[in-house]
Amino acid sequence: SSGFRDEALRDKRARILSRGLPKQKPIEGVKQVVVLASGKGGVGKSTTAVNIALALAANDSKKEVGLLDADIYGPSIPKMMNLKGNPELTPKNLMRPLKNYGIACMSMGFLIEESAPVVWRGLMVMSAVEKLLRQVDWGQLDYLIIDMPPGTGDVQLSVSQNIPIAGAVIISTPQDVALLDARKGAEMFRKVHVPVLGLVQNMSVFQCPKCKHETHIFGADGVRDLAKTLGLDILGDIPLQVNIRETCDSGQPVVISQPESDA
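Residues numbered from 1 in each chain as written. Predicted model: local features only at pLDDT ≥ 70, side-chain atom pairs only at ≥ 80, totals over all residues. Heavy atoms only, no water.

- The protein carries the name Iron-sulfur cluster transfer protein NUBPL in an unreviewed UniProt entry, which gives Podilymbus podiceps as its organism.
- Quoted verbatim from the Cofactor (unreviewed entry) field of the UniProt record, the comment on the protein reads "[4Fe-4S] cluster".
- Taken directly from UniProt, the Function (unreviewed entry) text for the protein runs: "Iron-sulfur cluster transfer protein involved in the assembly of the mitochondrial membrane respiratory chain NADH dehydrogenase (Complex I). May deliver one or more Fe-S clusters to complex I subunits." (UniProt positions renumbered as here; feature names shortened; annotations may be inferred.)

Written out as C-alpha cells, the structure reads:
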C-alpha cells in the first residue's frame, strides 16, 4: 500500500540522516560541559567565561573546574589567566593543561607564538578543535567551561554535535546589532538540542567614577527584552567597569583579585 511505502521511505530517510551525524562521545574525566557563546565578537564573552570558571571554583572548593579556549583564531584565555608555555605530554601522548588559580586551562594560544596569526582554512581549524577536545588529559573535572568563538559556524556545530553539553550561556551587550546575533546563537543551540541556560547582559551601564552619573552606553534592557521573547532567564547583569577590563588584561580576573567588589 502507499501508506506502507511512505513509512518505509521515512525510515530510510531517517537512517541516512542519522548516519550523517557524529555520535556524541563524552570527554574522558569531565562530568559537565558548559559552553559560553555569543553571536558577535567583542561583547565580553571570554571575560565572562574566565570569571564564571573562577566563580564556580570559588563557590565550592571541592569542585574541579577546567577552561577550554575554543577560539582558534583569537585565543585570549592565556593572557586573561596569566599563563604562558607549552603543555607537557603524558605517556599516552595527551597534552596536560596549564593551571592557574586552581583552573586547568587549554588553548591554541599555548601551541603557537603569541603574535603569530593562525592563517588556516576550515578543515585545519576543525582538526585543531578535535585535538583540544580529545587529546587533553583533563584529569577529573566537575565542570569544563568552553569559551566558544563568536558566530554560529563550523566550530560551534562540531562542539555541539560531538560532545554532550549540559547547557549554553549566551553573552550579549544590550546593543541592537549584538542582540540580532545573540538571538541567532540561542536559536542555533536549540536546533542542535543543547539547552540554553540563560543570557548574560554585559556592559549594561557605565557609572562615572567621579560624579556617579549612570549612562547606558549600549542601551538599557535589550538582553532582558530578548530573554522574555525567547522565554529564557537572565543569569546576570554586568556593568561596564574599568576594573573588570584591567584585571583581565593583567591576568588577575576580578573574581579572584577583587572578590568583595561590586563587579
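### As for the packing of helix H6 (residues 176–191) against helix H7 (residues 222–230)
The relative placement of two packed helices comes down to the angle between their axes together with the axis-to-axis distance.
Here comes step 1: Following both chains from N to C, one finds H6 and H7 inclined at 30°, their axes separated by 11 Å at the closest point. The orientation of H6 with respect to H7, classified from their angle, is roughly parallel. When the axes of H6 and H7 are compared, the crossing they make is right-handed. Facing H6, whose interface residues are Leu179, Ala182, Arg183, Ala186, Glu187 and Arg190, H7 presents Gly222, Val223, Leu226, Thr229 and Leu230.
Here comes step 2: Its residues placed into classes, the contact of H6 with H7 shows 6 nonpolar, 2 polar and 3 charged. (Axes fitted to C-alpha atoms, helices over the stretch in contact; angles between N-to-C directions. Helix = DSSP H or I, 4+ residues; strand = E, 2+ residues; numbered from the N terminus. Parallel < 35°, antiparallel > 145°, perpendicular 65-115°, else oblique. Left-handed = near helix turned anticlockwise from the far one by under 90°. Contact = heavy atoms within 4.5 Å. Nonpolar A, V, L, I, M, F, W, Y, C, P; charged D, E, K, R; others polar.)

### Considerations on the sheet that holds strand E1 (residues 30–37)
Here comes step 1: What the 8 strands build is an open sheet, ordered E3-E4-E2-E5-E1-E6-E7-E10; its pairing is mixed. Since the sheet does not close on itself, it has two edges, and those belong to strand E3 (98–100) and strand E10 (234–237), each with one partner. Strand-to-strand twist across the sheet, computed as the mean angle between neighbouring axes with direction ignored, equals 25°.
Here comes step 2: Across 5 bridges, the pairing between strand E6 (residues 167–172) and strand E7 (residues 196–201) is parallel. (Pairing = 2+ DSSP bridges.)

### Here we look at the pattern of salt bridges
Here comes step 1: By the definition in use, this model includes 10 salt bridges.
Here comes step 2: In this structure, Lys40 and Asp181 form a salt bridge, with 3.1 Å as the shortest nitrogen-oxygen distance. With Lys40 in the loop between E1 and helix H2 (45–59) and Asp181 in helix H6, the pair connects residues that are 141 residues apart, well separated along the chain.
Here comes step 3: When its relative accessible area of 30% is taken as the criterion, Lys40 is described as partly exposed.
Here comes step 4: Taking the shortest distance from any N to any O, the salt bridge between Asp181 and Lys184 comes out at 3.8 Å. Of the two residues, Asp181 and Lys184 both sit in helix H6, 3 residues apart, roughly one turn of that helix.
Here comes step 5: Look at Asp181 and you get buried, because its relative accessible area is 17%.
Here comes step 6: The network of salt bridges with shared partners includes Lys40, Asp181 and Lys184. (Salt bridge = Lys/Arg side-chain N within 4 Å of Asp/Glu carboxyl O. Buried < 20%, exposed > 50% of the residue type's maximum accessible area, 1.4 Å probe, protein only.)

### Here's the deal with the environment of Met80
Here comes step 1: With respect to the secondary-structure elements, Met80 resides in helix H3 (residues 77–80).
Here comes step 2: Each C-alpha atom of the pair Met80 and Val194 lies 27 Å from the other, and the pair is 114 residues apart in sequence.
Here comes step 3: Residues in contact with Met80, not counting those within four places in the same chain, are Ser46, Thr47, Val50, Cys248, Gly251, Gln252 and Pro253.

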